[in-house]
Amino acid sequence: MQRFLNNPDDIVDETVAGFVRAHDDLVRLDQGNPRVVVAHGAGQPGRVGIVTGGGAGHEPAFMGYAGRNMVDAVAVGELFSSPTAKSFLDAIRAADGGAGVAVLYGNYAGDNMNVRMAAKMAAAEGIEVATVVANDDVCSAGPDERERRRGVAGEIFMWKIGAARAARGGTLAEVIASAQKAIDSCRSVGVGLAPCTLPAVGHPNFQIEPGTMELGIGHHGEPGMRVAPLGRAEAIATEMTGLVLDDLPPPEAGRVAVLVSGLGATAMNELYVLYDSIATAIEARGLRIERTLVGNYFTSLDMVGATLTVMALDDELSELLDTDCACPALLQERRV
Amino acid sequence: MKMIDTAYLIAFFRLAAERLEDARVHLCTLDGQVGDGDHGTSMANGFLAVTQRLRTVGAADLPPDAVLREAAQAFLAEVGASVGPLYASGFLSAARALAEGPLPRRDLHRLLEALAEGIAQRGRAVPGDKTMLDAWAPAAQAAARAAQMGEDEPAIAEAASLAASRGMEATATMVAARGRAARLADRTLGHVDPGAASAALLVRVLADLARDDA
């Protein structure tokens, strides 16, 4: 595949530089740390700060979700690699407005350790930190081992809900409770059709044989549940929907929000093809889709494939999901 | 008597950074088989960051435990992933073993034991989990045994290196229980753990330093 590259080793720095220039109406770079993206208005006194972070290569995640009534500060790691403890700490400092900071991130070994070390250092500075660890990927561990599951695109709903609670004046405990409820109400599944490549490495770091698909693939190409022959989009959509809904506690009054994200190198029209069948499969179960996002919201470099996330809604989650926000990856105006 | 002192640690970090740079792609390839393919980058960049920081802070004039604390700070500030906090914790733990000043090189096991302990606590791993600990822990044990048997310094370090390499090779027969590779479980069988591979490389550096210095 041909790429737009300078020095592959500079790709993260150049991505962040371009991102901050493109979206300077919403975000800025942290003064002391070039791997921390900060929303304008972060650290507002009395408001709980929202922090996340993760490896680069998932654009627009994670930094694309920094903005107004969204994440306050984002730590950016190397490609597919947890940010440093120092970057998480600097993000926490930038987000702190004296009411505590909620670090809402995904369940990966590196992120867990770096956030833990950063939280300890922040606590030593007198900043109260609490965390929610996303674990919405159903294929990464069984239902009896949910604490081992990875966090994937459901994190977007977790950030949105947690940040909306903070924007409405929630305390740190309330923000954490809402964000936890959001991720507990989310289930996701990924399907990979072709692998991704770290540009500096130059070749794919795993294989998907032509004519097959990896069902349950992770956001870094972690093998999924099984390799299956590539079927028609309708059949794939139905299988993804089944995996997600069979694991999801029955939604109150049958209301759900749906997010279909491309993994980086799948065309938008295919995502809509997939969504059409997903919506049919969801509605066939008697569920009502209240909110839908279809697009490249959480990618994996140039992987071909898509993820499906379903969040069960209740009145609280619905209301928080509808709260206005503005960040580069998501613009939401009040509905009328 | 030759010591594990400031000069020794600086020489170690310098040679380790060179070797990790050479192994960058190999380690990334290993990691791509069981993880996300970034291990070579993290290790090479991390040790490069350490050597740069040691130069900046004028490490030659610091006591050896301070050198290790600076190395830990470099990892915390410059290396994310899992290896950032793991090696940072390992170096901090090793710094405590050198708190009283340099150690005789025959006591290499004390440095290795402290390093392994710091890594184990941070990663909540035990030997057999298919992690870097499967190279560090046997290296520490082998160094202790060789010292007990009265071997000389190069032989002690060589024994540690041999044990680390065997430990690394043994990870191919293990199923990952920690870290991102744990998500693949059975599918990690047959693959060497990249963290154990880079750990074995680092112990090899210690053996080469001991031999060249003998």
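Small disclaimer: the values here were computed from a predicted structure and weren't measured.

## Structural notes on the overall build of chain A
No. 1: The number of helices and strands found in chain A is 8 helices and 14 strands.
No. 2: Taking 20 Å as the expected radius of gyration for a compact globule of 336 residues, we find that chain A reaches 19 Å, a close match to that expectation.
No. 3: In chain A, buried positions account for 57% of the 336 residues.
No. 4: In chain A, of all internal contacts separated by at least 6 residues, the share reaching a separation of at least 24 is 72%.

## Concerning the sheet that holds strand E1 (residues 27-29) of chain A
To summarise the sheet geometry, strands pair through backbone hydrogen bonds and adopt either a parallel or an antiparallel arrangement.
Residue and element names in this part refer to chain A.
No. 1: Read across the sheet, 6 strands follow the order E1-E2-E4-E3-E5-E6 without closing on themselves; strand pairing throughout is mixed. Each edge of the open sheet carries a strand with a single partner, namely E1 and strand E6 (129-134). Averaged over all adjacent pairs, the angle separating strand axes in this sheet is 25°, with direction ignored.
No. 2: Across 3 bridges, the pairing between strand E3 (residues 49-56) and strand E5 (residues 101-106) is parallel. From the neighbouring strand, Val-51 faces E5, where its bridge partner is Val-103.
No. 3: In the packing of helix H5 (residues 172-184) onto the sheet, contacts are made with E5 and E6, and the angle to E6 comes to roughly 5°.

## Regarding the packing of helix H2 (residues 85-95) of chain A against helix H3 (residues 109-124) of chain A
In helix packing, the relevant descriptors are the interaxial angle and the interaxial distance, both defined with respect to the helix axes.
Residues and elements named next belong to chain A.
No. 1: Relative orientation of the contacting elements H2 and H3 amounts to 50°, with a least axis distance of 8 Å. Taken as axis vectors, H2 and H3 run oblique relative to one another. The handedness of the crossing between H2 and H3 is right-handed. The residues of H3 that touch H2, namely those facing Ala-85, Phe-88, Leu-89 and Ile-92, are Asn-114, Val-115, Met-117, Ala-118, Met-121 and Ala-122.
No. 2: A class-by-class count of the residues in the contact of H2 with H3 yields 9 nonpolar, 1 polar and no charged.

## Focus: unusual backbone geometry
Residue and element names in this part refer to chain A.
No. 1: Pro-60 follows Glu-59 through a cis peptide bond whose omega is 10°.
No. 2: Tracing the backbone shows Pro-60 in the loop between E3 and strand E4 (73-79).
No. 3: The step from Ala-61 to Phe-62 runs through a cis peptide bond, and the omega angle for that step is 0°.
No. 4: Checked against the element boundaries, Phe-62 lands in the loop between E3 and E4.

## Re the environment of Ile-282 of chain A
Residues and elements named next belong to chain A.
No. 1: Its place among the elements puts Ile-282 in helix H7 (residues 268-284).
No. 2: Along the primary structure Ile-282 and Gly-242 are separated by 40 residues, whereas in three dimensions their C-alpha atoms are 8.6 Å apart.
No. 3: Among residues more than four places away in sequence, those in contact with Ile-282 are Thr-241, Val-256, Val-258, Leu-287 and Ile-289.

## A closer look at the pairing of strand E11 (residues 288-295) of chain A
All names here are of chain A.
No. 1: Of the strand pairs in this sheet, strand E10 (residues 255-262) and E11 are connected by 7 bridges, and their pairing is parallel. If you follow Arg-255 over to E11, its bridge partner there is Arg-288.
No. 2: Taking the sense of rotation as the criterion, the β-α-β connection linking E10, H7 and E11 turns out right-handed.

## Side note on the interface of chain A and chain B
Interface extent is often summarised as the accessible area lost during association of the parts.
No. 1: In this assembly, 28 residues from chain A lie in contact with 24 residues from chain B.
No. 2: Elements supplying a minimum of two residues to the side of chain A that touches chain B: E4, H2 and H3 of chain A.
No. 3: It is H3 of chain A that contributes the most residues to the side of chain A that touches chain B, 5 residues altogether.
No. 4: Across the side of chain A that touches chain B, the residue classes tally to 13 nonpolar, 11 polar and 4 charged.

## Focus on the domain arrangement of chain A
Residues and elements named next belong to chain A.
No. 1: By domain assignment, chain A separates into domain 1 (9-184) and domain 2 (186-313).
No. 2: On a C-alpha basis, the centroid separation for the pair domain 1 and domain 2 is 23 Å.
No. 3: If you look at the interface, domain 1 gives 23 residues, while domain 2 gives 28 residues.
No. 4: Of all the secondary structure elements, the ones that give two or more residues to the side of domain 1 that touches domain 2 are helix H4 (154-167) and H5.
No. 5: Considering each element in turn, the side of domain 1 that touches domain 2 owes the most residues, 3 residues, to H4.
No. 6: Residues belonging to the side of domain 1 that touches domain 2 are distributed by class as follows: 14 nonpolar, 4 polar and 5 charged.

Rules and cut-offs
Residues numbered from 1 in each chain as written. Chains lettered and ligands numbered in written order. Predicted model: local features only at pLDDT ≥ 70, side-chain atom pairs only at ≥ 80, totals over all residues. Helix = DSSP H or I, 4+ residues; strand = E, 2+ residues; numbered from the N terminus. Rg over C-alpha atoms; globule rule 2.2 N^0.38 Å. Buried ≥ 20, exposed ≤ 12 C-beta atoms within 10 Å, placed from the backbone. Contact = placed C-beta atoms within 7 Å. Pairing = 2+ DSSP bridges. Axes fitted to C-alpha atoms, helices over the stretch in contact; angles between N-to-C directions. Parallel < 35°, antiparallel > 145°, perpendicular 65-115°, else oblique. Left-handed = near helix turned anticlockwise from the far one by under 90°. Nonpolar A, V, L, I, M, F, W, Y, C, P; charged D, E, K, R; others polar. Right-handed = clockwise from strand over helix to strand, strands pointing away. Domains from an automatic or database assignment.

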